[in-house]
Amino acid sequence: MTRSARSTPPLAEPLAPAPRAGALAIDPYVPGKSKAPEGVRLHKLSSNETPFGPSPRAIAAFREAAGHLEVYPDGTARALREAIARAHGLDPARVVCGAGSDELLSLLAAAYVEPGDEGLFTEHGFLVYRIAILAAGGTPVVAPETSLTADVDALLERVTERTRIVYLANPNNPTGTYLPEDEIRRLHAGLPKTALLVLDAAYAEYVRANDYAAGIELVDEAENVVMTRTFSKVYGLASLRIGWLYGPPPVVDVLNRIRGPFNMSGPAIAAGAEAMADRGHIDVAVAHNAVWLERLTDGVRSLGLEVTPSVANFVLIHFPDEPGRRASDADAYLTARGLVLRAVGAYGLPNALRMTVGSEEANQAVLAALSDFMKASAHG
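A quick note: this is a predicted structure, and the numbers were derived from the prediction, not measured.

1. A word on the sheet that holds strand β7 (residues 225-230)
At step 1: Taken together, the seven strands give an open sheet; going across it, the order is β2-β8-β7-β6-β5-β3-β4, and neighbouring strands pair in mixed fashion. Edge positions in the sheet fall to β2 (95-98) and β4 (139-143), since each of these pairs with one other strand and no more. On average, each strand axis in the sheet is tilted by 20° relative to the strand beside it, whichever way the strands run.
At step 2: Sheet topology places strand β6 (residues 196-200) next to β7; four bridges connect them, and they run parallel. Across the sheet, Val-198 pairs through a bridge with Val-226, a residue of β7.

Spelled out as structure tokens, the structure:
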């Protein structure tokens, strides 16, 4: 044995499995609070849930499916995909369903992002985008917003030869702002063909702006655009975790190869199909939201607080950066009264709270409590 061989120390063996690069850089997603002090009636307005709950038809379908829990679900979710396709005039073969749109957003990154690739999203975009990109081994790239609204020029300036996926929530959560269709098309036109544009339209059903488009037409025209939607908001099925995607056939083919073979439960498929078909239930929820979105915006502003204009089912309320009047102070004040809103410091908005449009009772209660808070804080 040579001297050099004798002096070379042996390589230390790993003591445990090591995660892939980027996994430990992920901050775990923290959902909105769901508890109030004991003995206080809870109005949970932190998770953008509908105050109307699910369609009675969806509940009946869920109960019927519960009698067959020993049977594997349809791995293609055919009944759900066909219900979605009928409602939106789509080809069901181009629809993919998942356990919430979160699963689909992550599957897209897993399919199209490799280590060294980049994924792009906006400054206050949905936290899952960063998680999905890092989990796939990619590098998150963040584009600044203008007036809490996605900025197409800022996004395009950050596109490189390594950009593989661009996530855009439209409307955006937690700001409630949106880009009109012509701006979405300008963004797409500026992207390389090798970059996948993901239009996350989780709140599309609530939008009443004439210049808004969820993305269906653009998906039909391009090979590098997909649209994702959810049943967790206006359809009231958040607990069942149902999302769907409409995309070009090649993208759909890839996702069907890598998703779990039974990624949707039987009860979720059945309830989702009936929820999609119950247009009357959805119309009531959308009409209620339109009325109260305006009332809440005007009511909060009348208290001297700033509200970001929203087209979704929530409002973003900004508080003064003054002792006793900050968002954290308001959050504590409201929570003590059973009014639970969403702190959005994780989105880079430490002095704001996001409030879901709730029932008339809940909305009135928040306006009254905020009025009391502002008066009390003004007097120290």
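Moving on from the model shown.
2. What about the domain arrangement of the chain?
At step 1: Domain boundaries in the chain define domain 1 (56-278) and domain 2 (280-377).
At step 2: The straight-line distance from the C-alpha centre of domain 1 to that of domain 2 is 27 Å.
At step 3: Summing the contributions of domain 1 and of domain 2, the shared interface buries around 2000 Å²; its carbon and sulfur component is 67%.
At step 4: Counting across the interface, domain 1 meets domain 2 through zero salt bridges.
At step 5: In this structure, the connection of domain 1 to domain 2 is made through five residue pairs in polar contact (both at pLDDT 80 or more).

3. Here's the deal with the packing of helix α4 (residues 100-112) against helix α9 (residues 249-258)
At step 1: The interhelical angle for the contact between α4 and α9, taken along N-to-C directions, is 100°, at an axis separation of 10 Å. The orientation of α4 with respect to α9, classified from their angle, is roughly perpendicular. Facing Leu-107, Leu-108, Ala-111 and Tyr-112 of α4, the residues of α9 in contact are Pro-250, Val-251, Val-254, Leu-255 and Ile-258.
At step 2: For the contact of α4 with α9, the residue count by class is nine nonpolar, no polar and no charged.

4. A look at the pattern of salt bridges
At step 1: Inspection of the entire model under this criterion finds 18 salt bridges.
At step 2: For the salt bridge of Glu-361 with Arg-41, the shortest nitrogen-to-oxygen distance reads 2.6 Å. With Glu-361 in helix α13 (residues 360-378) and Arg-41 in the loop between α1 (3-7) and β1 (43-44), this pair connects stretches of sequence that are 320 residues apart.
At step 3: Overall, the relative accessible area of 54% leaves Arg-41 in the exposed class.
At step 4: Taking the shortest distance from any N to any O, the salt bridge between Arg-257 and Asp-253 comes out at 2.9 Å. One end of the pair is Arg-257 and the other is Asp-253, both in helix α9 and four residues apart, which spans about a single turn.
At step 5: Linked through salt bridges whose partners overlap, the residues forming this network are Asp-153, Glu-183 and Arg-186.

5. Details of the nonpolar core
At step 1: Membership of the largest hydrophobic core comes to 58 residues, with the highest contact counts inside it found for Leu-80, Phe-231 and Trp-244.
At step 2: When residues of this core are assigned to their parent elements, the largest contribution, six residues, is made by helix α10 (residues 266-277).
At step 3: Here this core spans two domains, since at least three of its residues come from each of domain 1 (56-278) and domain 2 (280-377).
At step 4: In terms of nonpolar packing, the next biggest core, distinct from the first, is built from 30 residues, Leu-104, Val-113, Leu-316 and Ala-352 among them.

6. Looking at the UniProt feature "domain: Aminotransferase class I/classII large" (unreviewed entry) in the chain
At step 1: When the UniProt feature table is mapped onto this chain numbering, "domain: Aminotransferase class I/classII large" (unreviewed entry) sits at residues 44-370.
At step 2: The span residues 44-370 is 40% helix and 18% strand, and its two end C-alpha atoms sit 16 Å from each other.

7. Concerning the pairing of strand β3 (residues 118-122)
At step 1: With five of five residues buried, β3 lies mostly within the body of the structure.
At step 2: Across the two faces of β3 the burial is the same, with Glu-118, Leu-120 and Thr-122 and Gly-119 and Phe-121 all buried.
At step 3: Crossover handedness for the path β3 to helix α5 (residues 127-135) to β4: right-handed.
At step 4: Two strands pair when backbone bridges link them, and β3 and strand β5 (residues 163-169) are joined in this way by three bridges, in the parallel orientation. The partner of Leu-120 across the bridge, within β5, is Val-166.

8. What to know about helix α2 (residues 56-65)
In an α-helix, one turn spans 3.6 residues, which is why side chains three or four residues apart end up on the same side.
At step 1: Along α2, the positions that sit buried rather than exposed are Ala-58, Ala-61 and Ala-65. Seen from one end, α2 has its buried residues packed into an arc of 65°, which puts them on one side. Along α2, the residues that are exposed and aim more than 90 degrees away from the buried face are Pro-56, Arg-63 and Glu-64.
At step 2: Between the side-chain oxygen of the N-cap and the backbone nitrogen of Arg-57 there are 3.0 Å, and the N-cap of α2 in question is Ser-55.

9. A closer look at the sheet that holds strand β10 (residues 314-318)
At step 1: Read across the open sheet, the four strands follow the order β9-β10-β13-β12; overall the sheet is antiparallel. Whereas interior strands pair on both sides, the edge strands pair on one side only; in this sheet they are β9 (306-308) and β12 (342-344). On average, adjacent strands in this sheet sit at an angle of 35° to one another, irrespective of strand direction.
At step 2: Packing against the sheet, helix α11 (residues 279-301) makes contact with β9, β10 and β13 (349-356), and its axis sits at approximately 10° to β10.
At step 3: Here helix α12 (residues 327-335) sits on the sheet in contact with β12 and β13, set at roughly 35° to β13.

What counts, and at which threshold
Residues numbered from 1 in each chain as written. Predicted model: local features only at pLDDT ≥ 70, side-chain atom pairs only at ≥ 80, totals over all residues. Heavy atoms only, no water. Pairing = 2+ DSSP bridges. Helix = DSSP H or I, 4+ residues; strand = E, 2+ residues; numbered from the N terminus. Axes fitted to C-alpha atoms, helices over the stretch in contact; angles between N-to-C directions. Domains from an automatic or database assignment. Buried area = accessible area lost by both parts, 1.4 Å probe. Salt bridge = Lys/Arg side-chain N within 4 Å of Asp/Glu carboxyl O. Polar contact = N/O pair within 3.5 Å; in protein donor to acceptor, adjacent residues only side chain to side chain. Parallel < 35°, antiparallel > 145°, perpendicular 65-115°, else oblique. Contact = heavy atoms within 4.5 Å. Nonpolar A, V, L, I, M, F, W, Y, C, P; charged D, E, K, R; others polar. Buried < 20%, exposed > 50% of the residue type's maximum accessible area, 1.4 Å probe, protein only. Core = buried A, V, L, I, M, F, W, Y, C linked by side-chain atoms within 4.5 Å. UniProt positions renumbered as here; feature names shortened; annotations may be inferred. Right-handed = clockwise from strand over helix to strand, strands pointing away. Arc of directions from axis to C-beta.

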